[in-house]
Amino acid sequence: MHPDVSADLADLATTLETVESVLDVEELRRRINELEHQAADPDLWNDQEHAQQVTSQLSHAQGELRRVEELRQRLDDLPVLYELAEEESGDAATTAQAEADSERASLREAVGAMEVRTYLSGEYDPRDAVVNIRAGAGGVDAADWAEMLMRMYVRWAEKHNYGVEVYDTSYAEEAGIKSATFTVKAPYAYGNLSVEQGTHRLVRISPFDNQGRRQTSFAEVEVLPVVEQTDHIEIPDGDVRVDVYRSSGPGGQSVNTTDSAVRLTHIPTGIVVTCQNEKSQLQNKVAAMKVLQAKLLERKRQEEKAAMEELGAGGNASWGNQMRSYVLHPYQMVKDLRTEYEVNNPTAVLDGDIDRFIDEGIRWRMREQAQV
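Worth saying up front: this structure is predicted, and the values here are computed from it rather than measured.

1. Quick word on the nonpolar core
Consideration 1: If you look at the biggest cluster of nonpolar residues, it comprises 59 residues, and the most contacted ones within it are I133, V184, L193 and Y326.
Consideration 2: In terms of nonpolar packing, the next biggest core, distinct from the first, is built from 26 residues, L16, L35, L65 and V111 among them.

Following this line, the structure appears as structure tokens:
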């Protein structure tokens, strides 16, 4: 085996050992065993919310263990591939060597992606994520773009078998949406999606322009951690004004015929939250309150961060306004403006293939925090 290959395999082994150590594989197996016992309890589904948390945590833990075990097996198999290549001759040797090199490159990328997951150690990283998408400048194209972004994140969640619950969708008059709020339910959903926060820019030939001109449009993505009971976000009843109204847009029979939609206004801050996707007014109020609590928690975090920065203890990391460009014309490209990572297949990205962008975003955030 060539010395460079041996050195690379040794480096991969070191990285994978670090990943296994951080994940604590034996503790992960113990946790899976514990969750499997809970999941087998016939009384578990008496509390549906708790049951969903248990099954989600079990699925995530099993997936983590399976991924790291597969990486270990692939790493153990690599030296054998190179040995087999050395035993071949002529074209067969060249082909076998190329296959071994290709597997090594693929494994390095997979180990790197797994390593990124170990960086999610923030206080709120393990939580579900509340995602708000709002159309920005660009008129009807911006509304259409906001809906395309919502589909991108929903497709990403579906690819990973993550649950998605839509709280509110405000439809635009001609096409697309003015805004949408939904929750991605999965362990570390917030840790992953938090790097997607910022302004997303689309450049394309507008399908809404009779003259076929190029249009630039913007949409804002906000990502918040779901609030848990331990967060102590107290909201006095007198601080919230509750308005009810009839839902608008596509829906079932009961959605558009009763005053079931709920708008909450937090009087001290002016924050407004709406929810209209549930059938009953009570369900909508509960869902809207969850989003309001998440927004107030984020506001509290930002205030604390600003106070720390004034004391010289904060960081200089900033999401900025424009964080990613999606260009469909005159060329095909999606480029993250923070990490410089780019691909030439916008169709795949808009179909939910954003894992590499998320990984690179997490790495970027780690570098920014290291400069503090």
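2. Regarding the packing of aromatic side chains
Consideration 1: All told, the structure shown has three aromatic pairs when counted by the stated rule.
Consideration 2: Between W145 and Y326, the aromatic rings sit 4.8 Å apart at their centres with planes inclined by 65°, giving edge-to-face as the arrangement. Residue W145 is found in helix α5 (residues 139-159), and its partner Y326 is found in strand β9 (residues 322-327); the two are separated by 181 residues along the sequence.
Consideration 3: Here the aromatic rings of W156 and Y162 are separated by 5.5 Å at their centres, their planes lie at 70°, and the arrangement is edge-to-face. As far as burial versus exposure is concerned, W156 and Y162 are alike and both buried.

3. What to know about the sheet that holds strand β11 (residues 342-343)
Consideration 1: Spatially, eight strands are ordered β2-β3-β1-β5-β4-β9-β10-β11 in an open sheet, and the strand pairing comes out mixed. Looking at strand neighbours, the two that pair on one side only are β2 (163-171) and β11, the edges of this open sheet.

4. Examining the side chain of R338
Consideration 1: Position of R338 relative to the elements: it lies in the loop between β10 (333-336) and β11.
Consideration 2: R338 sits in the buried class, given a relative accessible area of 13%.
Consideration 3: Among the polar contacts listed, one links the side chain of R338 to the side chain of D336, at a separation of 2.8 Å.

5. Focus on helix α3 (residues 48-87)
Consideration 1: Taking 1.5 Å per residue, 40 residues should reach 58 Å; α3 reaches 58 Å between its end C-alpha atoms and fits that length.
Consideration 2: At D77, α3 shows its largest bend, some 25°, and a proline, P79, comes one to four positions later.
Consideration 3: The opening residue of α3, the one whose side-chain oxygen lies 3.3 Å from the backbone nitrogen of H50, is D47.

6. Re the sheet that holds strand β8 (residues 271-275)
Consideration 1: In spatial order, the strands read β6-β7-β8; together these three strands make up an open sheet with antiparallel pairing. In this open sheet, the two edge strands, each paired with only one partner strand, are β6 (240-245) and β8. On average, each strand axis in the sheet is inclined to that of its neighbour by 15°, with strand direction left out of account.
Consideration 2: Relative to strand β7 (residues 261-266), β6 is paired through six bridges, and the arrangement is antiparallel. In the sheet register, V242 faces β7, and the bridge partner there is L264.

7. Looking at the environment of D77
Consideration 1: Position of D77 relative to the elements: it lies in helix α3.
Consideration 2: Each C-alpha atom of the pair D77 and E103 lies 9.9 Å from the other, and the pair is 26 residues apart in sequence.

8. Considering helix α1 (residues 3-23)
Consideration 1: Given a rise of 1.5 Å per residue, 21 residues ought to cover 30 Å, and the 30 Å separating the end C-alpha atoms of α1 matches this to within 8%.
Consideration 2: Each element contacted by the buried residues of α1 is listed here: α2 (25-39), α3 and α4 (90-117).
Consideration 3: Downstream of α1 by a residue or two, D24 has a phi angle that is positive, lying close to 55°.

9. Details of the pairing of strand β3 (residues 177-185)
Consideration 1: Strand direction decides the pairing type here: strand β1 (residues 129-135) and β3, joined by six bridges, are antiparallel. Opposite I133, over in β3, you have A180 as the bridge partner.
Consideration 2: Summarising the sheet, β2 and β3 pair through eight bridges and their orientation is antiparallel. Of the residues in β3, the one forming a bridge with S170 is S179.
Consideration 3: Counted along the chain from β2 to the antiparallel partner β3, the turn is five residues long, and its residue G176 has a positive phi close to 75°.

Rules of the game
- Residues numbered from 1 in each chain as written.
- Predicted model: local features only at pLDDT ≥ 70, side-chain atom pairs only at ≥ 80, totals over all residues.
- Heavy atoms only, no water.
- Core = buried A, V, L, I, M, F, W, Y, C linked by side-chain atoms within 4.5 Å.
- Buried < 20%, exposed > 50% of the residue type's maximum accessible area, 1.4 Å probe, protein only.
- Phe/Tyr/Trp six-rings, centres within 6.5 Å; stacked < 30°, edge-to-face > 60°.
- Helix = DSSP H or I, 4+ residues; strand = E, 2+ residues; numbered from the N terminus.
- Pairing = 2+ DSSP bridges.
- Polar contact = N/O pair within 3.5 Å; in protein donor to acceptor, adjacent residues only side chain to side chain.
- Expected span 1.5 Å × (residues − 1).
- Bend = angle between axes of the 7 residues up to and from the residue.
- Axes fitted to C-alpha atoms, helices over the stretch in contact; angles between N-to-C directions.
- Contact = heavy atoms within 4.5 Å.

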